[in-house]
Amino acid sequence: MQVLKFGGSSVANADNINKVITIVQHAVKKNNNIIIIVSALGGTTDALLEVAKLASNADSSYKEKLHQLEHRHLSTVKELMPIERQSGVLSMVKKRFNEIEDTSNGVFLLKELSLRTKDSIISNGELLSSQIFSEKLRSLDIENTWKDARELIITDSQFCSANVDFISTNKNIQSFFFSLETPICILPGFIAADKIGNTTTLGRGGSDYTAAIIAAALSVSVLEIWTDVSGMMTADPRLVTNAKIIQQISYQEAMELSHFGAKVIYPPTLQPVMSKRIPVWIKNTFAQYEQGTLIQNVSSKNGGSIRGISSINKLALMSLEGSGMIGIPGFSKRLFEALSDEKINVILITQSSSEHSICVGIEDPNADKAKAAVDKAFAYEIELKKVEPLVVEKNLAIVALVGDNMKNHPGISGKMFGVLGRNGVNIRAIAQGSSEKNISAVIATQDVKKAINVLHEEFFETTYKQINLFIAGTGNVGSKLLAQLQQQIQYLHHHLRLQVRVAGIANSKKMFFDDNGIDASKWKELLQSGDSMNMQNFISSIQKKNLRNSVFIDVTANNDVAKSYPHFLEKSISVVACNKVACSSSYEYYKKLKDLAREFNAVFVFETNVGAGLPVIGTLNDLLRSGDRVNRIEAVLSGTLNFVFNNYTGEKSFASVVRQAQAEGYTEPDPRLDLSGTDVMRKIMILARETGEKMEMEDISNNSFLPSSCMEGDVENFYKEMEKHENHFKNLAEEAKQARKKLKFVASYHSSFSGDTGKAAVGLQHIDPQHDFYHLYGKDNAVLFYTDRYAEQPLVIKGAGAGAEVTASGVFADIIRAAAPTN
């Protein structure tokens, strides 16, 4: 014997009912006896509830609503049944809707809706659908018996959520089915009756419960629950696009997941079948050949310790605290009694070992009632200051990891809390039973989607980790970065298992967002169609989106953008800075950013601040982490100046060579920053700070080679003044040539940790042929690290130090570091 239950979506219309008929016909071939439990046509119960509520509010529109519902059922019959078989079924439908209307009219006149009357009205959905289904089978010459479940399932009189009298119910079920002569029996789900015959309902998931009650009473071989999904999933597919079907799961795991919001099956459904160890299959009516989920006594060991992730929204957290609670028995009892008296269900409990506080989670709508009840119960202690008034926090949710295999697997909690922390999800409370089947964390409702997604990536993903990028700046470097991202998207997915998406872009005029990822081949058109750029709005939009694994990338030279970094880091959004402003501003701000990144588990990286795509800062940090000490740094850090002095021979004016460097994208947006040495000062200061030196710009000496008049006025005046002082530049070049040396703009730093005073300087120098800087060509940079380990021969980093393409590649590398931090 087998029990099949079909949900509301499975019988929502004539087409779906025909799909169910096919499933039943297939089942009949395999089993001699089939019991079918049918829900109301999809949406009918809610519609009947609305009719009842409208009537109780003296709103006459209930009649129109009821008429629409009647028309839907009549149309379904006409689509399903051959004309010669319609008459009797249509009459049944009309008769039942007449009864509903009579009851609703009474509610309308009295303006009162009791729970008993509500059950009487909403029970008609299953009575209608099951009889229609039974008649459809008969029209196909499939013999069956329709049985009113109210004659079998006996409950108490707690209407809308009645409790089953299993002794009477099991006796009725066994007596009826053991004498049943037809191979198929159809019953309405959800409904029952009390001992004097009043209609009751079994509450949420009641049709599943009906099926389980009958399956357990008859000890059937299997219970199949047919719905519109292909089984229980590792997470809610509405929140996690890559959620997977759970092929096998234990009763306990399924109950834990269903308790914490998995709507495929409800906890009461499993209780009757669990004691009989009857397997339960969750199957998809619309994909009947898919395996679905098998729920049984012990789930298979699939190698993973977590079976699924679930959540409950609309939670309120209540905290009872006070020194008067310590060591005094009975406080918890009184708390729970106060809640019980108000019929408030407790979802989660946690208590500190000091006994100073106890925390419980309840449904949000009950929060005010709960506070009033608890404060009243502890009024005496509150007055004496032994206990504080109950503290209530709303707009919370629970996320839960569920799995039998978590037991005795160290590190599960650590992974859970670690990944949540790295994504800025604050945990308000934690609970774990001694059975270790569930770890629950209370978080803000706004963080639920992000939390479930990052947990799913951590425990289930073998394919990819999603990274969401927000890019400010679409100039030379920014546009090259977007092109590189587009080019490498498949590589990152296949080789690094990263799904990198650009979720937002902005320039000085416009900003554009797309949570599903901006098409990198169309970013210019999309950005043009976006909203006007406002930095504060850009920040708040990113924060509100609250996407997991978010990274903000600054490819501007803008002060306001650089000042925005704390807003991101405080929300655990990593920051990749190509912009040097932040790290070269005050030491206090630089340190604040580093501290915020550490405090909020974010990544703050800025490799391209110093050597474009060269691994200068990364190498420096590797030296320091490994225990080496930096004593001195010498560096050519301006690709612009190196390009200029490598290409200036006196044949073309110095100003024209600088213009060429700007045209080829080697200079800062304002080339005066390069030529004045300011940009080099910033870079050497950043390197000094990374070694641990507390240094400001005024601590660096600058031996500038530019005449002072060149720095007056605007950029165009800068070029005019350089033309005027062409002889000055020729003399510089000639002096170096006569000495058989080359001109290089060199930065140096002497560490205070090596006994020096922590000095830094920049300036134009004559470099002899034996020096490492002599053979720097084009826009090359070079950095020499003199350390305890590299005392005689320095560690040399050399390569292109300017250009949009290499700088973009450096930013790209920082994005990958931020996406997969190693520390």
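Quick summary incoming for the structure in this document. Just so it is clear, the structure is predicted and the values come from calculations on it, not from any experiment.

## Topic: the pattern of salt bridges
For the structure shown, the criterion picks out 31 salt bridges. We note a salt bridge from Arg138 to Glu135, for which the minimum N-O separation is 2.8 Å. Here Arg138 and its partner Glu135 are both found in helix α6 (residues 124-139), three residues apart, which amounts to about one turn of the helix. Judged by relative accessible area, which is 26%, Glu135 ranks as partly exposed. Residues Lys545 and Asp515 are paired through a salt bridge, measuring 3.0 Å at the closest nitrogen-oxygen approach. Of this pair, Lys545 sits in helix α18 (residues 535-545) while Asp515 sits in the loop between β20 (510-513) and α17 (523-528); the two residues are 30 residues apart in sequence, bridging distant segments of the chain. Given the relative accessible area of 27%, Lys545 is considered partly exposed. Assessed through its relative accessible area of 32%, Asp515 is described here as partly exposed.

## A word on the sheet that holds strand β22 (residues 550-554)
Read across the sheet, seven strands follow the order β21-β20-β19-β18-β22-β23-β24 without closing on themselves; strand pairing throughout is mixed. In this open sheet, the two edge strands, each paired with only one partner strand, are β21 (531-532) and β24 (604-605). The pairing of strand β18 (residues 465-472) with strand β19 (residues 498-506) spans eight bridges and is classified as parallel. Across the sheet, Ala472 pairs through a bridge with Ala506, a residue of β19.

## Concerning the sheet that holds strand β27 (residues 742-750)
The six strands lie next to each other as β26-β28-β27-β25-β29-β30, forming an open sheet whose pairing is mixed. Sheet topology places β26 (700-703) and β30 (795-800) at the edges, where each strand pairs with a single neighbour. Sheet twist, expressed as the mean angle between neighbouring strand axes with direction ignored, is 20 degrees. Helix α27 (residues 678-690) rests against β25 (630-636), β26, β27 and β28 (759-767) of the sheet, and its axis sits at about 35 degrees to β27.

## Quick notes on helix α23 (residues 616-625)
All of the buried residues in α23 are Val616, Ile617, Leu620, Asn621 and Leu623. Each buried residue of α23 sits inside an arc of 155 degrees when the element is viewed along its axis, so together they form one side. Contacts made by the buried residues of α23 are with α22 (608-611), β25, α27, β29 (780-787) and β30. Following α23 by one or two positions, Gly627 adopts a phi angle in the positive range, close to 100 degrees.

## Some details on the pairing of strand β8 (residues 222-227)
Of all six residues in β8, six are buried; the element is thus mostly enclosed. Side chains Val222, Glu224 and Trp226 of β8 all project onto a buried face; the interleaved residues Leu223, Ile225 and Thr227 project onto the opposite face, where all are buried too. Sheet analysis places strand β1 (residues 2-6) next to β8, joined by five bridges and oriented parallel. Bridging across to β8, Lys5 finds its partner in Ile225. As paired elements, β8 and strand β10 (residues 280-284) share five bridges and run parallel to each other. Within β10, the position partnered with Ile225 by the bridge is Ile282.

## Examining the environment of Ile412
Here Ile412 is to be found in helix α14 (residues 412-422). It is 9.2 Å that separates the C-alpha atoms of Ile412 and Phe459, two residues lying 47 residues apart in sequence. When sequence neighbours within four positions are dropped, the list of residues in contact with Ile412 reads Ser305, Ile306, Leu401, Met406, Ile439 and Phe459.

What counts and how
- All chains use their own residue numbering, which begins from 1 and follows the written sequence.
- Given that this is a predicted model, residues contribute local features only at a pLDDT of at least 70 and side-chain atom pairs are listed and counted only at 80 or more, while totals for whole chains, interfaces and linings are drawn from all residues.
- For side-chain calculations, the full set of non-hydrogen atoms in the structure is used, while hydrogens and water are omitted.
- Here a salt bridge means any side-chain nitrogen of Lys or Arg lying within 4 Å of a carboxyl oxygen belonging to Asp or Glu.
- Each helix is a run of DSSP H or I of at least 4 residues and each strand a run of E of at least 2, with the numbering of both proceeding from the N terminus.
- Per-residue accessibility, obtained with a 1.4 Å probe over protein chains only, is compared with the maximum for each type, and a residue is labelled buried under 20%, exposed over 50%, and partly exposed between these values.
- Two strands are counted as paired when DSSP detects at least two bridges linking them.
- Interaxial angle, 0 to 180 degrees, is taken between N-to-C directions of lines fitted to C-alpha atoms, where a helix line uses only the stretch in contact.
- Note on definitions: a residue-residue contact is assigned when non-hydrogen atoms from the two residues lie within 4.5 Å.
- By definition, the arc is the one covered by directions from the helix axis to the C-beta atoms.

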